Amino acid sequence: MALISSITLSDDVPGGGNSETDVIAKPKTKTAKPPLYKVMLLNDDYTPMEFVVLVLERFFGLNHGQSVEIMLTVHKKGLAVVGVFSYEIAETKVAQVMDFARRHQHPLQCTMEKE
Ligand code: TYC
């Protein structure tokens, strides 16, 4: 009996299971997904519509029809989300758009916000 109890009441596994046969507890799968960020374009009275369409095609990979549609949404509503990205990608898109607008002397504003 002493031998059996030393196996069945093994104290190296919580609950006193047999350490040679028990399955180890499942590791906690707590891999939080990285936060996402909305990138938005803001309306203004001066940036030409064609320039905004070009921005959407060039930096957001949208086709011409999608770009016209989103540009018009910004024009009418004041802003629109143009894409959702990881922090690093969103930051890069914002910087690219702001730099492109500045170089062309347009007041176009592009911002990001946590989703
Ligand atoms: N409102 C601008 C115009 O009438 C067009 C425009 C659209 C500007 C979208 C900025 O993000 C913008 N020329």
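Residues numbered from 1 in each chain as written. Predicted model: local features only at pLDDT ≥ 70, side-chain atom pairs only at ≥ 80, totals over all residues. Heavy atoms only, no water.

## Regarding the site of the ligand
Formally: Throughout, the term near means that a residue has one or more heavy atoms lying within 4 Å of the molecule or strand in question. Here a polar contact is taken to be a pair of N or O atoms separated by no more than 3.5 Å, where protein atoms must pair a possible hydrogen donor with a possible acceptor and residues adjacent in sequence count only if both atoms sit in side chains. The helix and strand labels rest on DSSP assignments: H or I over at least four residues marks a helix, E over at least two residues marks a strand, and numbering proceeds from the N terminus. Lys, Arg, Asp and Glu make up the charged group, whereas Ala, Val, Leu, Ile, Met, Phe, Trp, Tyr, Cys and Pro make up the nonpolar group; the residues left over, Gly among them, are polar.
Taken together, Leu42, Asn43, Asp44, Thr47, Met49, Val52, Met71, Val74, His75 and Leu108 are the residues near the ligand. Here an oxygen atom of the ligand sits 2.8 Å away from a polar atom, N or O, in the main chain of Leu42. Among the elements that line the shell around the ligand, the one with the most residues is helix α3 (residues 64–77), at three residues. Of the residues assigned to the shell around the ligand, the class counts are six nonpolar, three polar and one charged.

## What to know about the sheet that holds strand β3 (residues 109–114)
The strands making up a sheet associate through hydrogen bonds between their backbones, and the pairing can be parallel or antiparallel. Cut-off, in case you're wondering: A pair of strands is treated as paired once DSSP finds two or more bridges between them. Every angle, taken between N-to-C directions, lies between 0 and 180 degrees, and every axis is a line fitted to C-alpha atoms, over only the stretch in contact when it is a helix. Contact criterion: two residues are considered in contact whenever any of their non-hydrogen atoms come within 4.5 Å of each other.
If you walk across this open sheet you meet the three strands as β2-β1-β3, and the pairing is antiparallel. Single-partner strands in this sheet number two, and they are β2 (79–85) and β3. Across the sheet, the axes of successive neighbouring strands diverge by a mean angle of 30°, strand direction being ignored. As paired elements, strand β1 (residues 37–42) and β3 share six bridges and run antiparallel to each other. For Leu42, the partnering residue across the bridge sits in β3 and is Gln109. Across the sheet, helix α4 (residues 87–103) is in contact with β1, β2 and β3; its angle to β3 comes to roughly 165°.

## Looking at a nonpolar patch on the surface
Quick note on the threshold: Like-charged residues are merged into a patch within 9 Å and nonpolar side chains (Val, Leu, Ile, Met, Phe, Trp, Tyr) within 5 Å, provided each residue has over 30% relative accessible area and no salt bridge. Surface accessibility follows the Shrake-Rupley procedure with a 1.4 Å probe radius. Residue values consider only the protein chains on display as shielding. Only one rule defines a salt bridge in this text: a Lys or Arg side-chain nitrogen within 4 Å of an Asp or Glu carboxyl oxygen.
Among the surface-exposed residues, Leu36, Val81 and Val84 lie close enough to one another that they form a single nonpolar patch of about 210 Å² accessible area. Tracing the backbone shows Leu36 in the loop between α1 (2–8) and β1.

## Here's the deal with the packing of helix α2 (residues 49–60) against α4
Selection rule: Left-handed describes a crossing in which the near helix is turned anticlockwise from the far one by less than a right angle; the clockwise case is right-handed.
Between α2 and α4, the least distance of the axes is 11 Å, while the angle of their chain directions is 145°. Crossing of α2 over α4 shows right-handed handedness. In this structure, α2 contributes Phe51, Leu54, Val55, Arg58, Phe59 and Phe60 to the contact, and α4 contributes Lys93, Gln96, Val97, Phe100 and Ala101. Taken together, the residues of the contact of α2 with α4 sort by class into eight nonpolar, one polar and two charged.

## Thoughts on the environment of Ala80
In this structure, Ala80 sits in strand β2. As a C-alpha pair, Ala80 and Met40 span 40 residues in sequence and 5.5 Å in three-dimensional space. In contact with Ala80, other than residues within four places in its own chain, are Val39, Met40, Leu41, Ile70, Thr73 and Val74.

## So, the pattern of salt bridges
This model, assessed by the stated rule, comprises three salt bridges. The salt bridge involving Asp99 is made with Arg103; its shortest N-O contact spans 3.0 Å. Here the residue Asp99 and the residue Arg103 both occupy positions in helix α4, the gap between them amounting to four residues, near one helical turn. One continuous salt-bridge network, built from bridges that share partners, spans Asp99, Arg102 and Arg103.

## Looking at the confidence of the model for the chain
Operational definition: Known as pLDDT, the predictor's confidence for each residue is given on a scale from 0 to 100.
Mean pLDDT over the chain: 85, with 78% of residues reaching 70 or higher. Looking over the chain, one finds the lowest element-wise mean pLDDT in α1, namely 37, and the highest in β3, namely 99.

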